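Breakdown of the fold
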Amino acid sequence: MKTLFRNALSTALMLAAGSTALPALAAPENLDPATWTAEIEAAFADVKGYSAVLVNQDGYVISRSGGMAGPGNSMSWDHYGNVGSVQKMVASLFLLRQMENKLGRGNVPAIHAALDTPIHLWMPTRVQQATPNINKQITFRDLLTHKSGLRTEHSSGNPFIDFMAPINQADHGVRDYENTNIKLLTYVTVTYGAPHILTQVNNSIAQFNWSATSSNIPQAIGTYYWGMVQNQMLDEAPLEVFSSCWLADHIAEFRNAPVARMYWSRNDALDSGGWYDGGVEAGHCKGQGGWYWSTRMLARLFRDLGTNAGVISPALYNYMFDPDASSGARDDRLGWSNQIGSAKLQSDYGWLASPYHGGSHSIPWGNDIITGRAAVMRLPGGYHSVALVNSSEMTSGDIATALKNAFARSLP
């Protein structure tokens, strides 16, 4: 399968040169683009290939890409790369988008209440019946804050198996980052947004007598996830945004877009890099990772968040994280996996921390391991910054630190 996939992707890859794209607009906050570029170049100098973008809600954009995406391919901001768990942040936005569609854009009080709905109510009837009583307290909010109490991730990838195991009560309400939370979010977001799909799945369960932990259940629900995310959220962004976990079919062939191979080391031979096609591996896209984004597309999605043009309302986006809040309140952040402080940004803006979501996805490839890493970050002054790399020298936390430092050091 790897050989066929390797050949399909090789014919679809396009040559694209890495470059610094200087903006036509003056930078808000008197940010110095030359300093930002120099900081990015220095921070990302030791990876195989990278692309970083800084955008502002008024349309200002600056990017810098360097290194190699693959044989004959310098990295550019149009290269799609595996962003790993950065997709969890997109999945979080999509649930909130679905809630606004139902309850009204900007209706934060109603959404606040809806987030406390137990998730088992949006699962198939057979799953509801088999849910341990202690797990019936797990809510949408618990998934977004990683406070569900779930602590396992089944090797099959089926999160309903994990959901059937009783949690420890002491773990509920305690933040613990687990893939299973956003895996489950994939399926309950579909059924919440499209209840008729839940009806269809209930009918299939009755017809074929699937058990509560049958792999057919996540497959039957999950087949709708990519289309809903693309059509009901990404297509609603002001500028074109496209992403998918179907690497060969959607990115390389349908989009004819350049793809960054994954490596382990900057010293790896260019032709030794590989790919991960999540759609092929899992049969559908999931919320927790395996999606491919270019930094241009990812920056487009986040650029307008916090404004009336964003895919969720400014009020709801601000509700996800309050940079001025206490450490306890920031621990209740929705979606964002982490936060990072800056004395400069605290002094100039009063931000105690900037939220970010990192991603790292490493897989076997032949006799080696390959990886893709990324981060997206919200910054003061209406800025967001995103970056991806295609080797292991930087962790997602390192990427976030580099983005924060480049921004802060570019300010007067």
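Going by the structure above, here's the rest.
Residues numbered from 1 in each chain as written. Predicted model: local features only at pLDDT ≥ 70, side-chain atom pairs only at ≥ 80, totals over all residues. Heavy atoms only, no water.

**A look at the pattern of salt bridges**
The final tally for this structure, using the stated rule, is 15 salt bridges. With a shortest N-O distance of 2.6 Å, R296 and D78 are connected by a salt bridge. Linking R296 in helix α14 (residues 295-303) with D78 in the loop between β4 (73-74) and β5 (80-82), this pair joins segments that are 218 residues apart in sequence. Judged by its relative accessible area of 22%, R296 falls in the partly exposed class. The class for D78 is partly exposed, based on a relative accessible area of 29%. Residue E153 is joined to K183 by a salt bridge in which the shortest nitrogen-to-oxygen separation is 2.9 Å. (Salt bridge = Lys/Arg side-chain N within 4 Å of Asp/Glu carboxyl O. Helix = DSSP H or I, 4+ residues; strand = E, 2+ residues; numbered from the N terminus. Buried < 20%, exposed > 50% of the residue type's maximum accessible area, 1.4 Å probe, protein only.)

**Here we look at α14**
Counting along an α-helix, one turn takes 3.6 residues, and residues three or four places apart therefore face a common direction. Burial within α14 is extensive, with 7 of its 9 residues counted as buried. All of the buried residues along α14 are T295, M297, L298, A299, L301, F302 and R303.

**Looking at the nonpolar core**
Judged by nonpolar contacts, the single largest core of 91 residues is most densely connected at F140, W293 and F302. With 29 residues, the next largest nonpolar core counts A27, A375, A402 and F407 among its residues. (Core = buried A, V, L, I, M, F, W, Y, C linked by side-chain atoms within 4.5 Å.)

**Details of the side chain of H284**
On the secondary structure map, H284 appears in the loop between α13 (278-282) and β6 (292-294). When residues no more than four places from it in sequence are discounted, the contact partners of H284 are Y187, P218, Q219, G222, T223, C245, W246, G278 and G279. (Contact = heavy atoms within 4.5 Å.)

**What to know about helix α8 (residues 179-193)**
The terminal C-alpha atoms of α8, which comprises 15 residues, lie 21 Å apart, in line with the 21 Å expected from a rise of 1.5 Å per residue. Burial within α8 is extensive, with 13 of its 15 residues counted as buried. (Expected span 1.5 Å × (residues − 1).)

**A few points about unusual backbone geometry**
Of note in the backbone geometry, H146 takes a positive phi value of approximately 55° without being a glycine. As for its position among the elements, H146 is in the loop between α6 (140-145) and α7 (159-163). You will see that N256, though not glycine, has its phi angle at about 55°, which is positive. Along the chain, the position of N256 falls in the loop between α12 (247-254) and α13. With a relative accessible area of 42%, N256 lands in the partly exposed category.

**Let's talk about the environment of A374**
In this fold, A374 is placed in strand β9 (residues 368-379). Considered as a pair, A374 and V386 are 12 residues apart in the sequence and their alpha carbons are 7.5 Å apart. Not counting residues within four places of it along the chain, the set of residues in contact with A374 comprises V83, V86, H357, G358, G359, A387, L388, S396 and I399.

**Focus on the packing of α8 against helix α9 (residues 195-208)**
Contact pair α8 / α9: the axes reach a minimum separation of 4 Å and the direction vectors enclose 110°. By the angle class used here, α8 and α9 are roughly perpendicular. In this structure, α8 uses V190, T191, Y192 and G193 to contact α9, whose residues at the interface are P195, I197 and L198. Among the residues making up the contact of α8 with α9, the classes are represented as 5 nonpolar, 2 polar and no charged. (Axes fitted to C-alpha atoms, helices over the stretch in contact; angles between N-to-C directions. Parallel < 35°, antiparallel > 145°, perpendicular 65-115°, else oblique. Nonpolar A, V, L, I, M, F, W, Y, C, P; charged D, E, K, R; others polar.)

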